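The primary structure of each chain is shown beneath.
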Amino acid sequence: MTVTVTQNRYLNYLGEAIKVANRNEMPVDNLKDTSLVVQQSEFLVPLIGGFSAGKSTLINALIGRDVLPVDISPETELAAEIRYADRDAIHAIRKDGSIEQYGIDQFSEIKKKPRQYSHLRVYLHSEVLKAIQPMVLVDMPGFGSAIGAHAEALAHYMSRGAYYIAAISAAEGTIPASMLAELLEIEALGRSVGFVVTKSNLKSEEDVAAVCEHVEASVQAEMQQEAVIHRCGFEADGLLALLDGLDRDGIARELFSGAVQDAHLRTLEGLQMRASGLDKSLQEIQQAREGLEKAVSLLERKKIRKLEEIDGTSSDMIARLCIKKVTSAMDAAAPELVQMIKQKDMQGVEQRLFSLVRGSVTSVLRREMTQYSSDMIEDIGRELQGLDSSLSGFDIGEWVENIVGTIKIKVTEFETQLNKLKDTLEKKDGSEKIYRAVATVLAVCTSVVAPVLEILIIFLPDIIKFFSQVNIDEKIREGIQNEMMPKIRQKLEEMMPSMIETQMKEMVESAAQEFEERINEKRAVLMTLEEDKSGEEEKKYALDSIKTDIATLRELAKENIYAGAA
């Protein structure tokens, strides 16, 4: 797979760092895992828009042949990741992660059982797809898709997209309110959005220009950003121009720089510790190692206490805040829902409710779980403060404070690229290694929101049926207040507390594991020092070698990690 210049620089540094770590008998798992992510990860680019906005037609035009079906019904839409490969194929991904393979001409077979799959991976031999690597377009279900296909897909890709493209049909002429709400949510994650106006061949030049001006004005007013609108008719030149103009190196820095910098600093810490330990007595080294072993025991006890502290009370409180936010959002949207119901736009009602629930729950969870994770990590850090004195002679500074800061960033940032290993890397050469993922706030939000939407998909149609024979504003409003909102609240109250409790526990486990991994890295360095039987001359030579390695890595980091960083 083609990688960016920035990825190559990161890989150059990580390759040398692995050699240095091996030469100094230091752990290399983190360096290797980071290298694998940088080398193999793709930049997923979801293409979002209304049903029949022409997304599939646009992608077919881009690749130069009609592969994606354009006559598919809303009920059978699935997100499709469009990847380059030597041979055409379709992999249908089941919800348990297993794969069912199809030929490229078997979309009709998949259409018969869409609910069995979470998404598709479509592999095509296309020079255009090869040229845009490592970007991978994702043809998303449209906003008009039934059974919540779009809502489910967006929940899945919200944490995975590197860049988003919004497709607005020239025939529609405007950004739908539900799309705008999702674009604002994407923007809040720190991701950028590009815009294409599709089906421009169906309108006059003047009409298309007016649509583009309207979209530009909407983006400026609602998102406070300038938007360049790319036009697409029979050809996909506008989409290709947008993709070609993306700053792929900027995206790579955004996705990988934090993990690579962390790997660099951890390697330097290990080298500095090893260098300082060469002139320490065996007793000093053993005492430091015993201090680290004691810290692991303290960490385990602290983790158990933190898990015990998580009870129904804390998760109930967060669930109540989520439900309160949903209720408030539905109250505000009631006039809009009334009009949709009067117009018998039940799919529109369904999509608007999905959007309201997802946006409300996500915003509250993001805030509350960010605060919880920050407090929890600091609390664990306080338990380990004695480590700094145990390692005070090993030249690694305020180590615990540094760990706390690093883990807080890693857990509370909206996306950690390392977490994509499970989803975006297929096993190579029969490897059975399972990569550990950090429980980020966004991952936690997704883990709660996705099953909530699945439940909504099941019971919302029955609730909406209540309005099929109602056409009076007052009756509709009463139905929203007395039928729809209470039932949605009831379902959320039934399922959310236990899910939130599970995710809180996952965050504790994940943070404790991150602390333990870093402690064990230092233990491994001390154990090699304990076993070192070198004489004074050999130690002097080893010290000079380590100092050279440190200087080399710092220079490599300056050239490959920090060069060009914003």
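Because the structure is a prediction, the values reported are computed rather than measured. (Residues numbered from 1 in each chain as written. Predicted model: local features only at pLDDT ≥ 70, side-chain atom pairs only at ≥ 80, totals over all residues. Heavy atoms only, no water.)

### Focus: the overall build of the chain
At step 1: On a plain count of helices and strands, the chain comes out with 19 helices and nine strands.
At step 2: For the chain, the C-alpha radius of gyration of 27 Å lies close to 24 Å, the compact-globule estimate for 566 residues.
At step 3: Principal-axis analysis of the C-alpha atoms gives the chain an extent of 90 × 55 × 45 Å.
At step 4: Expressed as a percentage of its 566 residues, the buried residues of the chain come to 54%.
At step 5: On the chain, roughly 24,800 Å² of surface is accessible, and the fraction owed to carbon and sulfur atoms is 49%.
At step 6: Positive and negative side-chain charges of the chain, numbering 67 and 91 respectively, have mean locations separated by a distance of 2 Å. (Helix = DSSP H or I, 4+ residues; strand = E, 2+ residues; numbered from the N terminus. Rg over C-alpha atoms; globule rule 2.2 N^0.38 Å. Buried < 20%, exposed > 50% of the residue type's maximum accessible area, 1.4 Å probe, protein only. Areas by Shrake-Rupley, 256 points an atom, 1.4 Å probe, with all protein chains shown as cover. Lys, Arg positive; Asp, Glu negative; His and termini not counted. Charge placed at Lys NZ, Arg CZ, Asp CG, Glu CD.)

### Brief notes about the sheet that holds strand β4 (residues 99–102)
At step 1: Read across the sheet, nine strands follow the order β4-β3-β5-β2-β6-β1-β7-β8-β9 without closing on themselves; strand pairing throughout is mixed. Two strands in the sheet have a free side with no partner beyond their single neighbour: β4 and β9 (229–231). Averaged over neighbouring strand pairs, the angle between their axes works out to 25° when direction is ignored.
At step 2: Inspection of the sheet shows strand β2 (residues 80–84) paired to strand β6 (residues 135–139) by three bridges, in the antiparallel sense. From the neighbouring strand, E81 faces β6, where its bridge partner is V138.
At step 3: Sitting on the sheet, helix α10 (residues 248–277) touches β1 (43–49) and β6, and the angle it makes with β1 is about 105°. (Pairing = 2+ DSSP bridges. Axes fitted to C-alpha atoms, helices over the stretch in contact; angles between N-to-C directions. Contact = heavy atoms within 4.5 Å.)

### Let's talk about the pattern of salt bridges
At step 1: Considering all chains together, one arrives at 43 salt bridges under this definition.
At step 2: The residue E254 makes a salt bridge to R191 at a minimum N-O spacing of 2.5 Å. In this pair, E254 is assigned in helix α10 and R191 in the loop between α7 (177–188) and β8 (193–198), connecting sequence segments 63 residues apart.
At step 3: A relative accessible area of 43% places E254 in the partly exposed class.
At step 4: A salt bridge links E293 to R289, with the shortest nitrogen-to-oxygen separation between them at 3.0 Å. A residue pair is termed a helical-turn pair when its members lie 3 or 4 positions apart in one helix, as E293 and R289 do in helix α11 (residues 282–309) at four residues.
At step 5: The exposure class of R289 is buried, given its relative accessible area of 16%.
At step 6: In the salt-bridge network here, residues are joined through shared partners; they are K302, R305, K306, E309, D379, R382 and E383. (Salt bridge = Lys/Arg side-chain N within 4 Å of Asp/Glu carboxyl O.)

### Remarks on the packing of aromatic side chains
At step 1: The final tally for this structure, using the stated rule, is two aromatic pairs.
At step 2: With centroids separated by 6.2 Å and ring planes inclined at 40°, the aromatic side chains of F43 and F256 adopt a geometry described as tilted. One end of the pair, F43, is in strand β1; the other, F256, is in helix α10, and 213 residues separate them in sequence.
At step 3: Given a relative accessible area of 2%, F256 falls into the buried group.
At step 4: The interplanar angle of 90° and the centroid separation of 6.4 Å between the aromatic rings of Y102 and Y117 together place this pair among those described as edge-to-face. Of the two residues, Y102 sits in strand β4 while Y117 sits in strand β5 (residues 117–124), which places them 15 residues apart along the sequence. The two residues Y102 and Y117 agree in class, both being buried.
At step 5: Geometry around F459 places K491 over its ring, the cationic atom sitting 5.6 Å from the centre. (Phe/Tyr/Trp six-rings, centres within 6.5 Å; stacked < 30°, edge-to-face > 60°. Lys NZ or Arg CZ within 6 Å of the ring centre and 35° of its normal.)

### Notes on the environment of A252
At step 1: Its place among the elements puts A252 in helix α10.
At step 2: Its relative accessible area of 0% is what places A252 among the buried residues.
At step 3: Every residue in contact with A252, bar those within four places of it in the chain, is listed here: T4, T6, Q7, Y10, F43 and S257.

### Some remarks on the environment of V70
At step 1: Its location among the elements puts V70 in the loop between α3 (55–63) and β2.
At step 2: Note: C-alpha distance between V70 and L58 (twelve residues apart in sequence) is 9.9 Å.
At step 3: Those residues in contact with V70 that lie beyond four places of it in its chain are S56, T57 and N60.

### Overview of the packing of helix α1 (residues 5–23) against helix α2 (residues 29–40)
At step 1: α2 packs onto α1 with a crossing angle of 160° between their chain directions and a minimal axis gap of 10 Å. One finds that α1 runs roughly antiparallel with respect to α2. As for how α1 packs across α2, the hand of that crossing is left-handed. Packed against α1, whose contacting residues are Q7, Y10, L11, L14, A17, I18 and A21, the element α2 presents L31, K32, T34, S35, V38 and Q39 at the interface.
At step 2: For the contact of α1 with α2, the class distribution of residues is eight nonpolar, four polar and one charged. (Parallel < 35°, antiparallel > 145°, perpendicular 65-115°, else oblique. Left-handed = near helix turned anticlockwise from the far one by under 90°. Nonpolar A, V, L, I, M, F, W, Y, C, P; charged D, E, K, R; others polar.)

### Comments concerning the nonpolar core
At step 1: Ranked by internal contacts, the top residues of the largest apolar core, which has 148 residues, are I165, L384, I488 and M496.
At step 2: The leading source of residues in this core is helix α18 (residues 473–531), at 20 residues.
At step 3: Those residues in contact with M496, other than ones at most four positions away along the chain, are A319, C322, V361, V448 and V452.
At step 4: L154, A170, M179 and C212 belong to the second largest nonpolar core, which has 32 residues in total. (Core = buried A, V, L, I, M, F, W, Y, C linked by side-chain atoms within 4.5 Å.)

### Examining the confidence of the model for the chain
At step 1: Put simply, the chain has an average pLDDT of 85, and 92% of its residues get 70 or more.
At step 2: Between residues 414–436, whose pLDDT stays under 50, and residues either more than four places distant or in other chains, the model counts 51 contacts. (pLDDT = per-residue confidence, 0-100.)

### What about the pairing of strand β7 (residues 164–169)?
At step 1: Taken across its six residues, β7 has six buried, putting it largely inside the fold.
At step 2: By the alternation rule, side chains of β7 split into Y164, A166 and I168 and I165, A167 and S169, which are all buried.
At step 3: Looking at chain direction, β1 and β7 are connected through three bridges and run parallel. Looking at the pairing, I48 lines up with A166 of β7.
At step 4: In the sheet, β7 pairs with β8 via six bridges, with the strands oriented parallel. Paired with I168 across the two strands is V197, which belongs to β8.
At step 5: One crossover worth recording links β7 to the parallel β8 by way of α7, and it is right-handed. (Right-handed = clockwise from strand over helix to strand, strands pointing away.)

### Some remarks on the pairing of β1
At step 1: With seven of seven residues buried, β1 lies mostly within the body of the structure.
At step 2: Alternating positions in β1 separate into two faces, F43, V45, L47 and G49 on one and L44, P46 and I48 on the other, with burial throughout.
At step 3: Taken together, the five bridges between β1 and β6 define a ladder with parallel strand orientation. By the bridge assignment, F43 is partnered in β6 with M135.

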